[in-house]
Number of protein chains: 2
Amino acid sequence: MSTYSAPLRDMLFTMKVVGDLEATCALPGFEECSPDLVESILEEAGKFAAGVLDPINRAGDVQGARWKDGVVNAADGFKEAYASFCETGWNGMPASTEFGGQGLPTLVSTAVLEMWKATNHAFSLCQMLTLGAVEAISHHGSQELKARFLPNMVAGRWTGTMNITEPQAGSDLSVIRSRAVPEGDHYRVSGNKIFITWGEHDLAENIVHLVLARLPDAPAGVKGLSLFLCPKFLVNEDGSLGERNDLLCTSLEHKLGIHGSPTAAMSFGEKGGAIGYLVGEPGHGLACMFTMMNHARLNVGLEGLGVSERAYQHARAYALERVQGRTATGSKTIIGHPDVRRMLMDSKAKIEAMRALAYYAASQMDRAHAHPDAELRAQSQALVDLLTPVVKGWCTDNALGIASDGVQVHGGMGFVEETGAAQYLRDARITTIYEGTTGIQANDLIGRKIAREGGKTIRALIARMDADSRRLLDSRDASLSQIGLALHGAVGVLVDGVDWLLANYGEHPERCAAGAVPFLRLAGTVIGGWLSARTAEAAAAQLAAGEGDAAFLGAKVQTVRHYAAHVLVQAGALRDTVVGGADTTLSLADDQF
Amino acid sequence: MSTYSAPLRDMLFTMKVVGDLEATCALPGFEECSPDLVESILEEAGKFAAGVLDPINRAGDVQGARWKDGVVNAADGFKEAYASFCETGWNGMPASTEFGGQGLPTLVSTAVLEMWKATNHAFSLCQMLTLGAVEAISHHGSQELKARFLPNMVAGRWTGTMNITEPQAGSDLSVIRSRAVPEGDHYRVSGNKIFITWGEHDLAENIVHLVLARLPDAPAGVKGLSLFLCPKFLVNEDGSLGERNDLLCTSLEHKLGIHGSPTAAMSFGEKGGAIGYLVGEPGHGLACMFTMMNHARLNVGLEGLGVSERAYQHARAYALERVQGRTATGSKTIIGHPDVRRMLMDSKAKIEAMRALAYYAASQMDRAHAHPDAELRAQSQALVDLLTPVVKGWCTDNALGIASDGVQVHGGMGFVEETGAAQYLRDARITTIYEGTTGIQANDLIGRKIAREGGKTIRALIARMDADSRRLLDSRDASLSQIGLALHGAVGVLVDGVDWLLANYGEHPERCAAGAVPFLRLAGTVIGGWLSARTAEAAAAQLAAGEGDAAFLGAKVQTVRHYAAHVLVQAGALRDTVVGGADTTLSLADDQF
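This one's a predicted model, so the numbers in the text were calculated from it and none came from an experiment.

1. Side note on the overall build of chain A
- Of the regular secondary structure elements, chain A holds 20 helices and twelve strands.
- In terms of C-alpha radius of gyration, chain A reaches 24 Å, essentially the compact-globule figure of 25 Å for 593 residues.
- Put simply, chain A has 593 residues, and 64% of those count as buried.
- Looking at chain A alone, contacts between residues at least 24 apart form 74% of all its contacts between residues at least 6 apart.
- Taken as a whole, chain A presents about 20,100 Å² of accessible surface, with 51% of it coming from carbon and sulfur.

Pasting the structure below:
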């Protein structure tokens, strides 16, 4: 088994170049942050990830979370790791200082979260759900709810969940049936929820469930949904834990992967109704939930990045160690076989592009949140809105291929579970599904994020990408010029796709939806390529100035060239599919399949 | 859970159009075969696959084969199914009549094998290994070995294995260490083998192991390898079973998938040496093994096709049943969501192209074997040699994506093991690895099959594809003309790739190897597209003549159009990667990864 090594050099370089780390630290509210501090935070996080989370990842897979009579025990080592995670302050680190978080830029917490995702996807979900619930409560909850629940949640003493899905209500929330009946200052909630991540466990003293349900007089559809906070144990006035609430974990799912993360079926109100508190206005449940959801979508994109990095490191370690056959390139181990090298280079190039995309989105969140100029804040928020489905959809889509190639690099050993490569593939497989499938991300992208505003934000982004590609194209550095040429072509291809979508969305939304996923892939490919190209440009400048680590910087330039030659070249086919593929996608009657 | 329905209509149509079923049945030796007989064979096979093999596939996965003290028990239902499989003659069906097989064309057995692969991949491997061993023994074994072993193996009373891999010798067979020492009329074999498919089990009375090992005076490397037949139980002169041989299954692997197929670690000669009989000449073990291997490679390609078909049917059933959200196309279930439809159409189009490719290769095997004209036989054999790595590499590569999309169509339910979609993904994952990874297939394709003969066979094939594409391009039928246009462009792109490979292979084999897998994908994409186009042409002709099932034929034309718009469009990027991608693939030092 390989050991995880946090890619600190690439993380910091990417944060500086595309995340504009210095400017981010200079934003109001982040004054205590500095690039040096960030570096030491990442170093510490890397040690925790490698030393605590990575070693228990396999136990999480093999043993998994176990249910018995409504009680769930986490896999061996998880409870201790979680206690340590909370004690050292990692749990609340991304939260605001108001309730005990560290109030660091999202750019910084994003890099840290990547490490948790990489080393222990299953474990990381507990924090993700908790902080998502914290965000929903802090945006929409009453002062009393905030005071009573948030400090313990940020500290990790209590964890949080999202109770959305029901057997008949997956992607379609309009058919949610769970009900809430008013009773004094609270409500009685009843219904059955499934796919509740970390819905029951023994890591924390209490679990704070956020539950989508309907009030008695609520209209049908999503406008009838309200959000309720139902703690596992009721909380007394003095903050101590009271009685057990009327809610129960009835079973855990047997899943393909992330076995360490208990996926609970929850039953609310079997004994008359779980006590719940309204969060936000009645009928605004969906809006409240979306606060969590957008947060979660970016996080799931980070899972795509994290699991890709870990699968790549695992495959790289094997390729550097396994001797098999005479290689064509002189290396003694299989990394010298050109096809093994191709798979590793493909993975590396995509991972670095995904990292650039995710960190760029994070830095825009910081600007949207903290920049003093309201117009810039709005621009950045629009960019975050545009990029959220791309980060989610594209990074997770890539992860499936990278984790699969990680198995392939191992040859026959990759198919043997003990090798560990297969776990990354199994774990990765959920990421294109939960928090909205890739299809749903893609529809969000073309509909709400592009067509609804007539393409304003994406056209502004395209203008920047186009300008950058022209500058690179004109570079005297042959590598940059090559990258610029490929990027310039790909940006033009993206323009074709955007033009076609905008021209057709009004009249033929179903034709646009048929090409939505290829379009999302096109957008990710090009935007990831653009940000990668910026890192190559910065690396080349440092190399030319004789600064920095030449081996790292040289690899960066070559890796981005690889991205241009192996990934950006796919843009044309994606555009062709978007523009010319809807006809046949929609051509058959149901019974002709 | 869905139930399997053999795609008889598409199978027969494809056999007739690209496999030239009538001409195949007219070849010397196949006179008893007729299209009507073939149709009834396929119907019966379909019933067996759906009625016997499909229902136990999940037990194979969940329970798997179990090892205890050297004894292996197959999963529940496998023993009974195997007995029935042999009794009804399915086991030996593809074998020659000489030892009890039915001597049917490979084209026919290929369609039948597709059904076993689709419904029970793990189960199907037992027959595949047995018939591979039968082929190696019948080509290279002495008359005595043939008489003593083959009839029972063809009947399935005894099964066969390939013992190749050792812990240090995976893809590189030159470092095999197992030894064989002469003793009278036999040898004493000793060594440790791993990854032995169906190496130990309780389905049959005896297991005939073919083992690669070295004689005492053998040279190093692959030229020192000889092949030995080591039965689990020795066989007396009268054919009855004698003593247990000195060989043992020491454990089974815990694998990602195909749990129903026991993957054994075998120990030979712990008590002084397993008795073995030389098969073929000393030092010719590799050649003998390749007889099995080529057979197995085409079969593994069929696994890619079979598991894709089954995963597609499973996803289709769910998509036709699951209600979720208002669809954009009017369907009541999720098949009406354009992106679900896109995934199903992509799968369908690729599956039908893979089927066309596999059946075409099979029909060429029949010609190579039975055609009275020696020159045509040689041409067909060259085509089979060229296509074998493409069938193996491309069909399995596609299968990973199709099985993964099968999970995606199910949404969250796809990640829950009980749904069954995940098994197809886990099972499929081995197919790009065993019997030679995709990288090895691709190197075989560009080296032995193209460069070594200066591209003669592929250029002849390209000439046919080009002529067909021009004919289609000129068609008055708009659909065919569209397909022809896309095909014509893609054939030209393939020519670029071939030209580049031939120009560079001599001087830069490592650069060619860097693009070998993209080239294999390109070849599969274009050849699959060409054969698909021929099926569309035939379907359009029948439609125009008012013959046949209009719904099926119309779907065929649309499906091939879909292939053109969604798959053939990828050819250009693959070519660009082959031609322009080697530089960066080979650019980094090992420690820069």
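That was the structure; now back to the text.
2. What about the pattern of salt bridges?
- Summed over the entire model, instances satisfying the criterion amount to 62 salt bridges over all chains.
- For B:Glu537, the salt bridge goes to B:Arg471, with nearest N and O atoms at 2.9 Å. Taken together, the positions of B:Glu537 in helix α17 (residues 516-544) and B:Arg471 in helix α14 (residues 456-473) put the pair 66 residues apart, joining distant regions of the chain.
- Taken together, the shared-partner salt bridges in this structure form one network comprising A:Asp10, A:Glu114, A:Glu309, A:Lys348, A:Glu352, A:Arg355 and A:Lys556.

3. Structural notes on the nonpolar core
- The biggest cluster of nonpolar side chains holds 182 residues, and the ones touching the most others in it are B:Met15, B:Trp116 and B:Phe519.
- Setting aside residues no more than four positions away along its own chain, B:Trp116 makes contact with B:Ala45, B:Phe48, B:Ala49, B:Leu53, B:Phe85, B:Trp90, B:His121, B:Ser124 and B:Gln127.
- In this structure, A:Leu173, A:Ala370, A:Leu387 and A:Tyr434 belong to the second largest nonpolar core, which totals 181 residues.

4. Side note on the packing of helix α1 (residues 8-17) of chain A against helix α18 (residues 550-566) of chain A
Residue and element names in this part refer to chain A.
- α18 packs onto α1 with a crossing angle of 70° between their chain directions and a minimal axis gap of 12 Å. When the interaxial angle is binned, α1 and α18 end up roughly perpendicular. Handedness of the α1/α18 crossing: right-handed. Here α1 contributes Arg9, Asp10 and Phe13 to the contact with α18, which in turn contributes Phe552, Leu553 and Lys556.
- Broken down by class, the residue content of the contact of α1 with α18 amounts to three nonpolar, no polar and three charged.

5. Focus: the relation of the copies chain A and chain B
- Of the transformation superimposing chain A on chain B, the axial component is 0.0 Å and the angular component is 180°, with the fit at an RMSD of 0.0 Å. Expressed as an axis order, the relation between the two copies is that of a two-fold axis.
- With an isologous cut-off of 70% or more, the 100% of interface residues of chain A that recur at the interface of chain B puts this contact in the isologous class.

6. Some remarks on empty space enclosed by the protein
All names here are of chain A.
- Taken as a whole and judged by the stated rule, the model has seven cavities of 30 Å³ or more.
- Taken together, Thr14, Ala349, Glu352, Ala356, Ser532, Thr535, Lys556, Thr559, Val560 and Tyr563 form the lining of the second largest cavity.
- The greatest single-element share of the lining of the second largest cavity, amounting to four residues, is contributed by α18.
- Its residues assigned to classes, the lining of the second largest cavity shows four nonpolar, four polar and two charged.

7. Overview of the UniProt feature "domain: Acyl-CoA oxidase/dehydrogenase middle" (unreviewed entry) in chain A
- In the UniProt entry, the feature "domain: Acyl-CoA oxidase/dehydrogenase middle" (unreviewed entry) is given for residues 162-268 of chain A.
- Annotation note: span residues 162-268 of chain A, helix share 0%, strand share 50%, distance between end C-alpha atoms 13 Å.

8. A few points about the interface of chain A and chain B
- In this assembly, 83 residues from chain A lie in contact with 84 residues from chain B.
- Of the roughly 6,800 Å² buried where chain A meets chain B, counting both sides, 61% is carbon and sulfur surface.
- Considering only the side of chain A, the residues that lose the most area to chain B are A:Gln408, A:Phe415 and A:Phe593, jointly responsible for 13% of the buried surface there.
- At the junction of chain A with chain B, the criterion picks out four salt bridges.
- For A:Asp590, the salt bridge goes to B:Arg341, with nearest N and O atoms at 2.5 Å.
- Run the count over chain A and chain B and you get 42 residue pairs in polar contact (both at pLDDT 80 or more).
- The element that contributes the greatest number of residues to the side of chain A that touches chain B is α18(A), accounting for nine residues.
- Tallied by class, the residues present in the side of chain A that touches chain B amount to 33 nonpolar, 30 polar and 20 charged.

9. Remarks on the pairing of strand β7 (residues 225-231) of chain B
All names here are of chain B.
- With seven of seven residues buried, β7 lies mostly within the body of the structure.
- Neither face of β7 is left uncovered, since the one carrying Leu225, Leu227, Leu229 and Pro231 and the one carrying Ser226, Phe228 and Cys230 both have all their residues buried.
- Examined bridge by bridge, strand β6 (residues 206-214) and β7 share seven bridges and lie antiparallel to one another. Each bridged residue has a counterpart across the sheet, and for Val211 the counterpart in β7 is Phe228.
- Of the strand pairs in this sheet, β7 and strand β12 (residues 274-279) are connected by three bridges, and their pairing is antiparallel. Of the residues in β12, the one forming a bridge with Phe228 is Leu278.

10. What about the pairing of strand β4 (residues 179-183) of chain B?
Residue and element names in this part refer to chain B.
- When β4 meets strand β5 (residues 186-197), the two strands line up antiparallel, connected through five bridges. Across the sheet, Glu183 pairs through a bridge with His186, a residue of β5.
- Counting the residues between successive antiparallel strands, the hairpin from β4 to β5 contains two residues, one of them, Gly184, with a positive phi of roughly 60°.

11. So, the side chain of B:Lys146
Residue and element names in this part refer to chain B.
- On the secondary structure map, Lys146 appears in helix α8 (residues 143-155).
- Buried charged residue Lys146 carries no salt bridge. Nearest counter-charge: Glu98, at 5.5 Å.
- Beyond its immediate chain neighbours, meaning those up to four positions away, Lys146 contacts Phe99, Ile137, Ser138, Gly141 and Pro151.

12. So, the domain arrangement of chain A
- For chain A, the assigned domains read domain 1 (8-140), domain 2 (159-283) and domain 3 (437-586).
- Here the C-alpha centre of domain 3 of chain A lies 41 Å away from the C-alpha centre of domain 2 of chain A.

13. With respect to the UniProt feature "domain: Acetyl-CoA dehydrogenase-like C-terminal" (unreviewed entry) in chain A
- UniProt annotation of "domain: Acetyl-CoA dehydrogenase-like C-terminal" (unreviewed entry) refers to residues 463-588 of chain A when read in the numbering used here.
- End C-alpha atoms of residues 463-588 of chain A are separated by 39 Å, and the span's content is 83% helix alongside 0% strand.

14. With respect to the packing of helix α17 (residues 516-544) of chain A against α18(A)
Residue and element names in this part refer to chain A.
- Where α17 meets α18, the closest approach of the two axes is 9 Å, and the angle between their N-to-C directions is 150°. Here α17 lies roughly antiparallel to α18, going by the angle between them. Where α17 crosses over α18, the two elements pack in a sense that is left-handed. Contacts between α17 and α18 involve Gly524, Thr525, Gly528, Gly529, Ser532, Ala533, Thr535, Ala536, Ala539, Ala540, Gln542 and Leu543 from the former and Ala550, Leu553, Gly554, Lys556, Val557, Val560 and Tyr563 from the latter.
- The residue makeup of the contact of α17 with α18, split by class, is ten nonpolar, eight polar and one charged.

15. Quick word on the packing of aromatic side chains
- A complete count under the given rule lists 23 aromatic pairs over all chains for this structure.
- Aromatic pair A:Trp90 and A:Trp116: ring centres 5.2 Å apart, planes at 70°, arrangement edge-to-face. Separated by 26 residues along the polypeptide, A:Trp90 in the loop between α5 (78-87) and α6 (106-119) and A:Trp116 in helix α6 bring together distant segments of the chain. As far as the burial class goes, A:Trp90 and A:Trp116 line up, both buried.
- Ring centres of B:Phe13 and B:Phe552 lie 5.5 Å apart, and the angle between their planes is 80°; on these two criteria the pair is classed as edge-to-face.

16. Quick word on the environment of B:Leu574
Residue and element names in this part refer to chain B.
- With respect to the helices, strands and loops of the structure, Leu574 is situated in helix α19 (residues 571-580).
- Residue Leu574 is classed as buried on the basis of its relative accessible area of 16%.
- As a C-alpha pair, Leu574 and Ala421 span 153 residues in sequence and 30 Å in three-dimensional space.
- Look past the residues within four positions of Leu574 in its chain and what remains in contact with it is Pro518, Arg521, Leu522 and Thr525.

17. Looking at unusual backbone geometry
- Positive phi values are uncommon outside glycine, yet A:Glu435 reaches one of about 60°.
- Checked against the element boundaries, A:Glu435 lands in the loop between α12 (421-428) and α13 (438-446).

18. Concerning the environment of A:Pro28
Residue and element names in this part refer to chain A.
- Tracing the chain through its elements places Pro28 in the loop between α2 (21-25) and α3 (35-53).
- Overall, the relative accessible area of 41% leaves Pro28 in the partly exposed class.
- For the pair formed by Pro28 and Tyr424, sequence separation is 396 residues and the distance between their alpha carbons is 39 Å.
- Beyond its immediate sequence surroundings of up to four residues, Pro28 is in contact with Ala370 and Pro372.

Cut-offs used in this document
- Residues numbered from 1 in each chain as written.
- Chains lettered and ligands numbered in written order.
- Predicted model: local features only at pLDDT ≥ 70, side-chain atom pairs only at ≥ 80, totals over all residues.
- Heavy atoms only, no water.
- Helix = DSSP H or I, 4+ residues; strand = E, 2+ residues; numbered from the N terminus.
- Rg over C-alpha atoms; globule rule 2.2 N^0.38 Å.
- Buried < 20%, exposed > 50% of the residue type's maximum accessible area, 1.4 Å probe, protein only.
- Contact = heavy atoms within 4.5 Å.
- Areas by Shrake-Rupley, 256 points an atom, 1.4 Å probe, with all protein chains shown as cover.
- Salt bridge = Lys/Arg side-chain N within 4 Å of Asp/Glu carboxyl O.
- Core = buried A, V, L, I, M, F, W, Y, C linked by side-chain atoms within 4.5 Å.
- Axes fitted to C-alpha atoms, helices over the stretch in contact; angles between N-to-C directions.
- Parallel < 35°, antiparallel > 145°, perpendicular 65-115°, else oblique.
- Left-handed = near helix turned anticlockwise from the far one by under 90°.
- Nonpolar A, V, L, I, M, F, W, Y, C, P; charged D, E, K, R; others polar.
- Least-squares fit on C-alpha atoms with pLDDT ≥ 70 in both.
- 1 Å grid on protein atoms, 1.4 Å probe; cavity = no way out; pocket = protein on both sides within 12 Å on 5 of 7 lines; lining within 4 Å.
- Points joined across faces, edges and corners; volume = space filled by probe spheres on them.
- UniProt positions renumbered as here; feature names shortened; annotations may be inferred.
- Buried area = accessible area lost by both parts, 1.4 Å probe.
- Polar contact = N/O pair within 3.5 Å; in protein donor to acceptor, adjacent residues only side chain to side chain.
- Pairing = 2+ DSSP bridges.
- Lys, Arg positive; Asp, Glu negative; His and termini not counted.
- Domains from an automatic or database assignment.
- Phe/Tyr/Trp six-rings, centres within 6.5 Å; stacked < 30°, edge-to-face > 60°.

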